[in-house]
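What follows is each chain in one-letter form.
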Amino acid sequence: MIDVKNLSKDYVLKRKEPGLRGAIKGLFRPDHRIVPAVRDISFHIDPGEIVGFIGPNGAGKSTTIKMMSGILTPTGGSVLIAGRDITKHRKEVVRNIGVVFGQRSQLNWDLRLGESFELLKHIYQIRQEDYDRTLDEMDRILGIGEIIDKPVRQMSLGQRVKGDLVASMIHSPNVLFLDEPTIGLDVSAKYALRKFIKEINRVRKTTVILTTHDLGDIQELCERIIIINHGQIVEDGNLSQIVDRIAPYKTLVVEYYDEFAPEHDRCEMTEHKGNVARYRFMKKDLTAAEVIADLSKKKTIKDISIEEAGIDDIIKIAYES
Amino acid sequence: MKKYLYVIKTQIIKSMTYEFNVYGNIIMQTIIMITSAYFWRALYKGQGMVGDVDAESMLTYVVLSSVLSVLLITNVERRIEKSVEKGTVATDLMKPINLFGVYFAEDIGAVIALVFQNMLPILIIGSLMIRVPVMADVHDLPLFLISVIESFLINWLIAALFGMIAFTAVNIDALIQVKKHLLRLLSGSIIPVWFFPAGVARVLESLPFVYIYQLPLSIYIGRGTRAEHLRQMGIQSIWLVILAAAFLIAQKKAAGKVMVQGG
Amino acid sequence: MKNLFRELIHYLDVTAHVIKMAVMTVIEYPSNIAGWLISNPLQFIMGFAIIKFVVESFGQINGWTYGQLAFLYGLSVISHALSMIFFVQGWFMGYYVIEGEFDRYLTRPLGVLYQFFFTNINIFGVTDLIPGILVFLYGCVKCGVSVNLTFLVQVMITLIGATLIRGGIYILLGSTSFYTRSAVDFGQYTQEIMDKTTMYPLSMYPESIQFILTYLIPVGWISFYPAASMLGTEGVRSGLTVSLVTLGVGIAVILIAGAFFNRGLKQYESAGN
C-alpha cells in the first residue's frame, strides 16, 4: 500500500542569539544552519496494517508522517501510495488518504458540523448515496447523529475530535494518517477514538498510520511499530517480537517475611528494598515456576508477582540506543 | 517602575528579532513617503503659496509626517481585544501590575526599537531623496518636542479608549479600522486640514485629531505664528487632560464590569 | 479537453458551495457586518473627499479634472473591492505559513492556492464595492461618458485584469513568508501604496517611477492607463487595446505569482518542528 524509499528531510534553521545584542546581530547577519530531521529511511506498509510511529519529541516522526501525507516536500527519496508518488501526483493521491492532525481541526468553526461534511462532499465529489452510507456507518461507530446539527464552536474537544475523524473518512480513503490523535483527550474520547480506528480497520480494511506518545494507543491498536530516533528507524516490526528481542526477560517480584533475600545464581537481583526483592531472568533459560521453586527451597516466600517487560521499557531502551 | 522597564526592554528585543519585518517596513514606508512627495510636487507645479505654505515646506511636512508616523504606533487596542477573546481579561486585570501600564510600557518599548530600526532610516532616506527636513526656526524646537510627546500620549489614549470598547462589544476589528481611517484623514497626516474648506477645518480644529500630526508638523515648518502655536498647544493640553480623565474613568468602569462578570 | 472541462465543473461546484457557506457564516454573525458596513465605505468616502478638497485648493491634479479623478478613483476602488473579495487572504499568508494552516489544503485534491483563497472567500468585500461603483458612476456622469457596449466590455475586461494584478501582488508578497518564515501582515502597506499609485494619475510621477509602475510592478494598468484611454486624458483613446493589455498583464502577474507560491510551498515546513 505504502512504499517509502530513502526518505530524507532537511530543515533550514535560523538561529537567533538571546538578548538585545543577539537581536541586533541577527538584524545584520542572520545565521542559517541545515538540520537533518529525517535521514534516509525506507519501509513498506501492507494494506490493512495499523502501524504506530513512536519516538521522542523531535525524532522525526511527525516530519515523516507529514511527508507521507503530502504536506512536506521531501529533500530526498520518495513516498508511493498505491504505487503513485504523492509528491508528484499530490491531487490524485490525496483522494486516497485521510488525515487527522492532533489538535488542528479542519471543521468550520462558525457553522453546524454537517456543513463541514457537505463541503468535503463537494471537494471529494462524493456521490449522495455513498455520502449517506458513510455518514450512517460513522454514526453507528461514533454516534455523531446527535452532534451533526450543532455549531462546531459549541462542541467539546471530544466531540470535535469525533467530527474530525468523520471528516477524515468521509471520502472513504484507503489510508488514514493520524498525528498525535489522542493528545489532550479525556479517557472516554480516547476510548471512542481507539474504537473508531479498530472498527474502520476491521470493516473497511483501512490502512492506519499513527504517531503517538500514548503507549495505550500502541498497545490497543498496533501490531507493528516503527521506532524513530534522530531521524532514523531504530526498530521496525511486530510489537511482541520487538518486545521479545529487546527485552527477552521477565521480572519476578518476591516478598519475604523479613529483610533477608537469597540470591539466585541464574537471575539478576535488580532491586532489594525492605522485604521485597526483584529477580530478572531470561525467558529462554528459565520459567517463573523454576525460579519460585529454587527460591522457596532457600527461604519461605510470602507473596509473588511476575512483571513482563512493558512497551515503555522497550521505548526507553530504544531511545537510549 | 522596574517592572515596566523590564516590559519595555523585552518588547525592544521582541521587536528587533524579525529582521524581515524591519526591512519590509522601511521599504514600504519609503515608498509611501516618496509617492506622497510626488503627489505634492505635481500639485504645486507652477504654483507658489497654497494654503500659506510653499512646495518646499510641504515636502518637509511629508518627510516629517512619515518619521512621526513611525513613532505613533499603538498595539494597545489589539492587546485588549486578544485578552478579551482568549478570556484572560479577568485574571489580567486582577494581577498586581497595572494592565494598561504593561500595555503602555510595551508600546514605549516598541517605539524605542523603532527609533533605530525605522525612524532614522526613514529620516535619512527622506533627506537624501526628497529634502532635508530643516526646521523653520530652531527656537521652536522645545515647543515641537513637547507637542510631539503630547501627540504620542493623545494618540495612545485614543487607542486605549477604543480598545476598551472590546470589553463590551466582542469584535472591534472594524472599529479599529474606522478609527484608523478617521485618524488618517482628520489628523492632517496625509493632507493638512488647512486645505479643507474653512468650515470643515474649523470643526476639525476643535477635535483632538489635528493635534496628533498637524500641530507638531506646523510648528516644525513654521506655519503660523508662535502665539498661534502656543494657543494650539493649549488646546492640545486640554485634550490630553480630557482624554486622560476619560481613560481613567473608563479603566475603573471596565475593571468593575469584568470583576462582576468574573464573579 | 474533456478532463479539463470536468475539472472546471468540479472547481465551480466547490466555489458555489463555498460561497453558500460564506453567506451562511455572515448570517450567523450579523453584528460583524454592521462594523464593516460603516468602516469600508467610510474609508473611500474620505479618500474621495481628500481629492475633492485638494482639487478645490489647487484646481486640478496634473491636468486631471475633478470628474476625471472621480472616474479614475472609482475604477480603482471597484477592482480593489473585487480583490478584497477573492484575494484578501493573501495579506495573511504569513500567518498560515507559520501556524501550519496549509496542511489541510495540501491533503485535499484541489489546487492549494485555490483552496487558500476560495475557502476563505470574503463576502464583506462587497462593502467596498458599493462606494466604488457610486464614485465611478459619478465620474462617468461628470465626464459625460457615453455608456455603450464597447465601454461596458472595456470596463469588464479592465476590472478582471486589474483584480488579477492586485491578487498576484498579494500572492507574491505573501509567499515571501515561506522563505522568511515570519508572519508579516502586508495588508496595510500594500493598501496604502496601491491607493497612492492607482487612485491618482500615474503621470504625476517622474518617468523612472512611471517606468517601474508600468513594467516592473505593473500597477499602472490597474486604473491609470485604462482610465486615460477611456477618457482620452493623456492623448488618444485606444478602444479595447488598453483593456486587453491590462487583462494580459493580470494573467501574467497571476501566473508568475502562482509559480513563486508553488516554489515557496515546497519549502513549507508546517508547524511545530
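Scoring rules and cut-offs
Residues numbered from 1 in each chain as written. Chains lettered and ligands numbered in written order. Predicted model: local features only at pLDDT ≥ 70, side-chain atom pairs only at ≥ 80, totals over all residues. Helix = DSSP H or I, 4+ residues; strand = E, 2+ residues; numbered from the N terminus. Buried ≥ 20, exposed ≤ 12 C-beta atoms within 10 Å, placed from the backbone. Contact = placed C-beta atoms within 7 Å. Nonpolar A, V, L, I, M, F, W, Y, C, P; charged D, E, K, R; others polar. Pairing = 2+ DSSP bridges. Axes fitted to C-alpha atoms, helices over the stretch in contact; angles between N-to-C directions. Left-handed = near helix turned anticlockwise from the far one by under 90°. Expected span 1.5 Å × (residues − 1). Bend = angle between axes of the 7 residues up to and from the residue. Domains from an automatic or database assignment.

## A look at the overall build of chain B
Along the backbone of chain B there are eleven helices and zero strands. Secondary structure elements of chain B occur, N-terminal to C-terminal, as α-α-α-α-α-α-α-α-α-α-α. Per-residue burial for chain B yields a buried fraction of 43% across its 263 residues. The long-range share in chain B, meaning contacts at least 24 apart out of those at least 6 apart in sequence, stands at 81%.

## Points about the interface of chain B and chain C
Many authors give the size of an interface as the accessible area that is lost as the parts come together. The partner chain C presents 27 residues to the 28 residues of chain B that form the contact. Listed by contribution, the elements that provide at least two residues to the side of chain B that touches chain C are helix H2 (19-44) and helix H8 (173-186) of chain B. By residue number, the principal contributor to the side of chain B that touches chain C is H2 of chain B, which donates twelve residues. For the side of chain B that touches chain C, the class distribution of residues is 19 nonpolar, nine polar and no charged.

## A few points about the sheet that holds strand S14 (residues 301-308) of chain A
Residue and element names in this part refer to chain A. Spatial strand order, S12-S13-S11-S14: four strands in an open sheet with antiparallel pairing. The strands lining the two open edges of the sheet, one partner per strand, are strand S12 (268-273) and S14. Averaged over all adjacent pairs, the angle separating strand axes in this sheet is 20°, with direction ignored. When strand S11 (residues 249-256) meets S14, the two strands line up antiparallel, connected through seven bridges. Paired with Leu252 across the bridge in S14 is Ile306.

## Overview of the packing of helix H9 (residues 239-246) of chain A against helix H11 (residues 311-320) of chain A
All names here are of chain A. Close contact between H9 and H11 brings their axes to 10 Å; oriented N to C, the two are set at 65°. Two packed elements cross with a definite hand, and for H9 against H11 that hand is left-handed. Counting all contacts with H9, which are made through Ile242, Val243 and Ile246, the residues of H11 involved are Ile311, Ile314, Ile317 and Ala318. Residues belonging to the contact of H9 with H11 are distributed by class as follows: seven nonpolar, no polar and no charged.

## Let's talk about the interface of chain A and chain C
The interface is formed by 29 residues belonging to chain A together with 23 residues belonging to chain C. In terms of residue class, the side of chain A that touches chain C is made up of twelve nonpolar, nine polar and eight charged.

## Topic: helix H6 (residues 99-129) of chain B
Because each turn of an α-helix spans 3.6 residues, side chains separated by three or four positions end up pointing in the same direction. The end-to-end C-alpha distance of H6 of chain B is 42 Å, a good match for the 45 Å that 31 residues give at a rise of 1.5 Å each. At Leu114 of chain B, H6 of chain B shows its maximal bend, which comes to roughly 50°.

## Quick notes on the domain arrangement of chain A
Residues and elements named next belong to chain A. Domain boundaries in chain A define domain 1 (2-7 + 42-243) and domain 2 (247-309 + 316-320). One C-alpha centre belongs to domain 1, the other to domain 2, and the line joining them spans 42 Å. Facing six residues of domain 1, the contacting portion of domain 2 comprises four residues. Looking at the side of domain 1 that touches domain 2, the elements that each hand over two or more residues are strand S9 (224-229) and strand S10 (232-238). When its residues are assigned to classes, the side of domain 1 that touches domain 2 shows four nonpolar, one polar and one charged.

## A short note on helix H3 (residues 55-71) of chain B
Spanning 17 residues, H3 of chain B covers 25 Å between terminal C-alpha atoms, matching the ideal 24 Å at 1.5 Å per step. Of all the 17 residues making up H3 of chain B, 14 are buried; the element is thus mostly covered by neighbouring parts of the structure.

## Quick look at the sheet that holds strand S7 (residues 175-179) of chain A
Residues and elements named next belong to chain A. Spatially, the six strands line up as an open sheet ordered S6-S7-S8-S3-S9-S10, and their pairing is mixed. Bordering the open sheet on either side are strand S6 (97-101) and S10, each of which pairs with just one other strand. Direction aside, neighbouring strands of the sheet carry axes that sit 15° apart on average. Relative to S10, S9 runs antiparallel, the two sharing six bridges.

## Points about the pairing of strand S4 (residues 76-81) of chain A
Here is the key point about a regular strand: its side chains alternate between the two faces of the sheet. Residue and element names in this part refer to chain A. In this structure, S4 lies alongside strand S5 (residues 84-85), joined through two bridges in antiparallel fashion. Looking at the pairing, Ile81 lines up with Arg84 of S5. The loop that links S4 with its antiparallel partner S5 comprises two residues; one of these, Ala82, has a positive phi angle of about 50°.

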